[in-house]
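For reference, the chains in residue letters:
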Amino acid sequence: MRLVRLSILLWTIACTVNVYAADNTIVITPKQQQTMGIVVAPISKTSAEITLRLPGEIVIPTSQERIVSAVQGGLIDALNVAAGMEVKKGQMLGHITSTELVSQQRDYLQAATRYRLAKNSLDRDAELFKDGIIAERRYIATKSDFEEASVNLSQSKQALRLGGMSDAGIAQLERSGKYVNGVSFVAPIAGQVLEQMVNIGQRVDMATPLLRIGRLSPLWLEIHAPVEHLAILRKGTLVRIPSHDAEGRIITIIRAINKNDQTVHVRAEITQNAEKLSPGQFVEADVVTQGIAAPTSKHFALPKQAITRQGKDSYVFVQNPKGFTPVKVTVISEQTEKAIVAGDLPENARVAISGTVAIKAAWNAGGE
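These numbers come from a predicted model, not from an experiment. (Residues numbered from 1 in each chain as written. Predicted model: local features only at pLDDT ≥ 70, side-chain atom pairs only at ≥ 80, totals over all residues. Heavy atoms only, no water.)

*Asks:* Teacher, can you tell me more about the packing of aromatic side chains here?
*Replies:* The description of an aromatic ring pair uses the distance of the two centres, along with the angle that the planes make with each other. Going through the model one piece at a time under the given rule, you end up with 4 aromatic pairs. Consider the rings of Phe129 and Tyr139, whose centres lie 5.1 Å apart with planes at 5 degrees: the pair is stacked. Residue Phe129 is found in helix H3 (residues 99-130), and its partner Tyr139 is found in helix H4 (residues 136-162); the two are separated by 10 residues along the sequence. On the basis of relative accessibility, which here comes to 32%, the residue Phe129 falls in the partly exposed class. Aromatic ring contacts, followed pair by pair, group Tyr315, Phe317 and Trp363 into a single cluster. We note Arg267 situated over the ring of Trp220; from NZ or CZ to the ring centre the distance is 4.5 Å. (Phe/Tyr/Trp six-rings, centres within 6.5 Å; stacked < 30°, edge-to-face > 60°. Helix = DSSP H or I, 4+ residues; strand = E, 2+ residues; numbered from the N terminus. Buried < 20%, exposed > 50% of the residue type's maximum accessible area, 1.4 Å probe, protein only. Lys NZ or Arg CZ within 6 Å of the ring centre and 35° of its normal.)

*Asks:* When you look at the packing of H3 against H4 in this model, what are you seeing that I'm missing?
*Replies:* Working note: a packed helix pair is described by the angle between its axes plus the distance between those axes. Orientation of H3 relative to H4, taken along the N-to-C sense of each, is 155 degrees, at an axis distance of 8 Å. Relative to H4, H3 is oriented roughly antiparallel. Remark: the crossing between H3 and H4 carries left-handed chirality. Partitioning the contact of H3 with H4 into residue classes produces 15 nonpolar, 7 polar and 10 charged. (Axes fitted to C-alpha atoms, helices over the stretch in contact; angles between N-to-C directions. Parallel < 35°, antiparallel > 145°, perpendicular 65-115°, else oblique. Left-handed = near helix turned anticlockwise from the far one by under 90°. Nonpolar A, V, L, I, M, F, W, Y, C, P; charged D, E, K, R; others polar.)

*Asks:* Help me understand the packing of H4 against helix H5 (residues 167-176), please; the structure alone is not making it clear to me.
*Replies:* Where H4 contacts H5, the axes come no closer than 10 Å and their chain directions differ by 125 degrees. Relative to H5, the element H4 lies oblique. The interaxial crossing formed by H4 with H5 has right-handed handedness. Each of Lys157, Leu160 and Arg161 in H4 lies in contact with H5, whose residues at this interface are Asp167, Ile170 and Leu173. (Contact = heavy atoms within 4.5 Å.)

*Asks:* I'm lost on the environment of Val329 in this one. Help?
*Replies:* Inspection of the secondary structure puts Val329 in strand S22 (residues 323-334). When near neighbours in sequence (up to four residues on either side) are disregarded, Val329 contacts Ser314, Tyr315, Val316, Val341, Ala342, Gly343 and Leu345.

*Asks:* Explain the pairing of strand S23 (residues 338-342) here, please?
*Replies:* Each regular strand displays side chains that alternate between the two surfaces of the sheet. Where burial is concerned, most of S23 is hidden: 4 out of the 5 residues are buried. Here strand S19 (residues 299-303) pairs with S23 via 5 bridges, running antiparallel. By the bridge assignment for S23, His299 is matched with Ala342. Relative to S23, S22 is paired through 4 bridges, and the arrangement is antiparallel. Looking at the pairing, Ser333 lines up with Ile340 of S23. Taking the residues that link successive antiparallel strands as the turn, the S22-S23 hairpin has 3 residues. (Pairing = 2+ DSSP bridges.)

*Asks:* Would you take a moment to explain H3 for this structure?
*Replies:* One turn of an α-helix holds 3.6 residues; hence residues three or four places apart share an orientation. In a regular helix each residue adds 1.5 Å, so 32 residues correspond to 46 Å; H3 covers 47 Å between its end C-alpha atoms and thus fits that length. Within H3, the full set of buried residues consists of Leu101, Gln104, Gln105, Tyr108, Leu109, Ala111, Ala112, Ala118, Leu122 and Asp125. In this fold, the buried residues of H3 make contact with H4, H5 and strand S10 (182-186). The opening residue of H3 is Ser98, an N-cap whose side-chain oxygen sits 3.2 Å from the backbone nitrogen of Glu100. With its phi angle positive at about 80 degrees, Gly132 sits one or two positions after the end of H3. (Expected span 1.5 Å × (residues − 1). Polar contact = N/O pair within 3.5 Å; in protein donor to acceptor, adjacent residues only side chain to side chain.)

*Asks:* Looking at this model, I keep getting lost on the confidence of the model for the protein chain. Mind explaining?
*Replies:* Any residue range with low pLDDT should be treated as having predicted coordinates unsuitable for detailed reading. For the protein chain, per-residue confidence averages 87 on the pLDDT scale, and 90% of positions sit at 70 or higher. Across the protein chain, element-level confidence peaks in strand S13 (residues 209-214) with a mean pLDDT of 97 and bottoms out in helix H1 (residues 2-16) with 45. Every residue in residues 1-17 is under pLDDT 50, and counting partners more than four places away or in other chains gives 15 contacts. (pLDDT = per-residue confidence, 0-100.)

*Asks:* It is not clear to me how the pattern of salt bridges should be interpreted in this structure. Could you clarify?
*Replies:* Note that side chains of opposite charge can pair when their charged atoms are close. Tallied over the entire structure, the rule returns 14 salt bridges. When the shortest N-O distance is used, the salt bridge between Asp125 and Arg138 registers 3.4 Å. Separated by 13 residues along the polypeptide, Asp125 in helix H3 and Arg138 in helix H4 bring together distant segments of the chain. Two residues, Glu222 and Arg267, come together in a salt bridge whose shortest N-O distance is 2.8 Å. (Salt bridge = Lys/Arg side-chain N within 4 Å of Asp/Glu carboxyl O.)

*Asks:* I keep staring at the sheet that holds strand S11 (residues 191-196) and nothing clicks. Help me out?
*Replies:* In sheet architecture, strand pairing relies on hydrogen bonds along the backbone and comes in two forms, parallel and antiparallel. On the basis of which strands lie adjacent, the open sheet formed by 4 strands has the order S6-S13-S11-S8 and antiparallel pairing. Taken across any chain shown, the strands that pair with only one partner, and hence form the sheet edges, are strand S6 (65-69) and strand S8 (86-87). With 4 bridges connecting them, S11 and S13 associate as antiparallel partners. Looking at the pairing, Val193 lines up with Ile213 of S13.

If you want it as structure tokens, here you go:
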């Protein structure tokens, strides 16, 4: 019933309002404006620079974070750092006592011995074959044994490397024949220990995470911006975090829309005063953008409800002595209550912010 009454009201308005084709003015008297509930508000001129206040989360860049894991299964008998401590690249963080490492060293020394024997046999048979004393078949068999021994030695050496032993340590093992009972783990990058996942005396398996280390400058700010801001967001756009006097610039705009809240994922790299921020912290950031309109366009701030959609275009109804004139505008930004538009509007203009449905109905009827 209300819909029928509204349709009758709009039809009545359309029949009682005149539109002058000469200047496209929708003639509405002050009394009619009062009857229709039309309210007007002034607009204000603004620069093309627009500041969007958006929430975001501080995270560590993926290239600046490492997990230190156990290269051998065993017992943690030393731990030299704890969460919150600063470390340097290559710094020893702790030690694991491992029986598996002892077995790997034994296998390596046995493989080295077999390799030396195979090498001596190959050198001897090569001379004998050259002098015609032995058959070629025997020489080929000896060469095959040497190649197999060489492969086994390389495999054992690689196992020690993966187990945490350095080339210098492996060479020392081969010279002295003395086993080491464990392996130290070191910091792969310089940064801060963000998380300690194990304790002294704990037994761990190979590849068990031990520590998480991160370099905390620069940092990333992950922003979920409303989809209507996508048109004015650009790589290199300035981003400020006023509460911490930090700033950076947008480095990535992921154009896949989050269907749950209709936002786009924007990533900024914070390079100034990043040390004042912490990973996981939620902040409000000012994204300082530039409008997309032509340089000669005028930019205005006005109430959001003043904007009327007509197909793909946007209009505002500018008040004049005879009524209202529809003026096409380009919407640069929309927030909760305010919008920034570009268009050919008088600087002291007043636009309709209420009753725009009635004005639009009269406009469409007059145009027909």
